[in-house]
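# Topology and contacts: notes
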Amino acid sequence: MNTLKTSNLSILAIPTYSILSLLPHAYAIDLARRAGPVKWDNSNPRSQTLKAHLKDKLGASDFARYERSEACSANLYENMPLFAAAVIVGNMAGLKRGGWDGLNAFAATYLTLRVVYALAYIGISDRRLSLLRTGLWSASWVLCIRILGRAAK
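Residues numbered from 1 in each chain as written. Predicted model: local features only at pLDDT ≥ 70, side-chain atom pairs only at ≥ 80, totals over all residues. Heavy atoms only, no water.

### A look at the nonpolar core
Grouped together as the largest cluster of nonpolar side chains are 29 residues, with contacts concentrated most on Tyr17, Leu76, Phe83, Phe106 and Tyr110. Going through the elements one at a time, helix H2 (9–33), helix H4 (60–92), helix H5 (103–123) and helix H6 (130–152) are the ones with two or more residues in this core. When residues in this core are grouped by element, the largest group, eleven residues, is from H5. Apart from residues no more than four positions distant in its own chain, Phe106 is found in contact with Phe83, Ala86, Val87, Leu143, Cys144 and Ile147. Grouped together as the second largest cluster of nonpolar side chains are nine residues, Leu31, Ala32, Leu54 and Phe63 included. (Core = buried A, V, L, I, M, F, W, Y, C linked by side-chain atoms within 4.5 Å. Buried < 20%, exposed > 50% of the residue type's maximum accessible area, 1.4 Å probe, protein only. Helix = DSSP H or I, 4+ residues; strand = E, 2+ residues; numbered from the N terminus. Contact = heavy atoms within 4.5 Å.)

### Some points on the side chain of Arg68
Positionally, Arg68 belongs in helix H4. Buried and unpaired, Arg68 has Glu67 as its nearest opposite-charge partner, separated by 7.2 Å. Among the polar contacts made by the side chain of Arg68, one reaches the main-chain carbonyl oxygen of Ile122 at a distance of 2.8 Å. In contact with Arg68, not counting residues within four places along its chain, are Tyr121, Ile122, Gly123, Ile124 and Ser125. (Lys, Arg positive; Asp, Glu negative; His and termini not counted. Salt bridge = Lys/Arg side-chain N within 4 Å of Asp/Glu carboxyl O. Polar contact = N/O pair within 3.5 Å; in protein donor to acceptor, adjacent residues only side chain to side chain.)

### Looking at the packing of aromatic side chains
By convention here, two paired aromatic rings are described through the distance between centres and the angle between planes. Under the criterion given, the structure shown has eight aromatic pairs. Arranged with centres 4.4 Å apart and planes meeting at 5°, the rings of Phe83 and Tyr110 form a pair that is stacked. Residue Phe83 is found in helix H4, and its partner Tyr110 is found in helix H5; the two are separated by 27 residues along the sequence. The same class applies to Phe83 as to Tyr110, namely buried. Seen in terms of ring centroids, Tyr117 and Tyr121 are 5.6 Å apart; in terms of plane orientation they differ by 80°. Their pairing is edge-to-face. Placement of both Tyr117 and Tyr121 in helix H5 is noted, with a separation of four residues, approximately one turn of the helix. Exposure class is identical for Tyr117 and Tyr121. Each is buried. Aromatic ring contacts, followed pair by pair, group Tyr17, Phe83, Phe106 and Tyr110 into a single cluster. Sitting over the face of the ring of Tyr117, Arg114 holds its NZ or CZ atom 4.3 Å from the ring centroid. Lying across the ring of Tyr121, Arg133 places its NZ or CZ 4.0 Å from the centre. (Phe/Tyr/Trp six-rings, centres within 6.5 Å; stacked < 30°, edge-to-face > 60°. Lys NZ or Arg CZ within 6 Å of the ring centre and 35° of its normal.)

See the structure below:
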């Protein structure tokens, strides 16, 4: 029996997505370390003082990449509830797991779109090309709404 058709990999996609959401932040931290010693204030981790220091120490391109990495991580986390809800509600409604339109395929497609989205978010600095990122975000959102709609039926 095919494990991909019978296993409920969609549930495992939720913690996988959480890890994916953390990776751009880890990359931002790596960029920040390149700026030299940084005084970290854990009582105010989103301090503007840290950003001002990084802006002075990093070049404009690296600082912009740092900002995009942090924004990407935040966006991924902000979209996790919709994805988790789609997976959970889809499973509660008894939607099939396997097949091209099953929950496992939905989760794999969503994760793939979000990985490409993250790479585009961090890597694209051109305003016109950034529309690709918007398209990827929209496609992943539509997938979730589709699953929620199917579950409602």
